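One letter stands for each residue in the lines below.
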Amino acid sequence: MEITPEIIKNLLVSLVNPKYPDLIHDYMIKSSTKGDYTAHAIGVIVEPEKYTEMETYNGNPFSGLDSKVEKDVKDTLRYVGLGPTNSTVSLFVLED
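(A) Focus on the overall build of the protein. On a plain count of helices and strands, the protein comes out with three helices and three strands. For the protein, the succession of helices and strands along the chain, N to C, is α-β-β-α-α-β. Within the protein, the proportion of its 96 residues that are buried is 30%. By sequence separation, contacts in the protein at least 24 residues apart represent 54% of the contacts at least 6 residues apart. With the model as given, the accessible surface of the protein reaches about 6,200 Å², and the carbon-plus-sulfur share is 54%.

Shown next, in the form of C-alpha cells:
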C-alpha cells in the first residue's frame, strides 16, 4: 500500500489535532521519491494567536511547544512505518 499525502494528513488530523485544540490550522505534506526511497516533509501550519499564547505558557517562551508538536507528529507517522529517517516536521506560523 502506498502512503499518500492524503493518508498522512487524515492520520494527523485524527490523532494530533485533538491534542492541540485551536492550534493546528492545516498541514502541508510534500513527498519525494528517489528510487525505492520516499521522504516526506510535513509542515504544520498553526494559528498565530494560539501559538503565541501556548508558546509563552507559564511565562517561559522556550517551553518546547515546537518540539512537543513535532514529536507528536513523528509518533503518529510511525504508525504507518515512517520513521525519523524518512520524515521531517516543521511548524509554520502564518499571518493572514
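(B) Region of interest: the pairing of strand 1 (residues 24-34). Where strand 1 lies against strand 2 (residues 37-46), ten bridges are found, and the strand directions are antiparallel. Bridge pairing in strand 2 places Ile24 opposite Val46. Linking strand 1 back to strand 2 in an antiparallel pair, the connection comprises two residues, with Gly35 at a positive phi of about 65°.

Thresholds, definitions, all that
- Every chain's residues receive numbers from 1 upward, in the order its sequence appears when written.
- Residue-level local features of this predicted model are given only where pLDDT is at least 70; pairs of side-chain atoms are given and counted only at 80 or more, and the full residue set underlies all totals for whole chains, interfaces and linings.
- Working from all heavy atoms in the structure, the side-chain values ignore hydrogens and water.
- Secondary structure elements follow DSSP: runs of H or I of four or more residues count as helices, runs of E of two or more count as strands, with numbering from the N terminus.
- Burial status follows relative accessibility: with a 1.4 Å probe on protein chains alone, a residue under 20% of its type maximum counts as buried, one over 50% as exposed, and anything between as partly exposed.
- Every residue pair with non-hydrogen atoms within 4.5 Å of one another is taken to be in contact.
- Per-residue and other accessible areas were derived by the Shrake-Rupley procedure at a 1.4 Å probe size, with only the shown protein chains allowed to occlude residues.
- Criterion used throughout: strands pair if DSSP finds at least two bridges between them.

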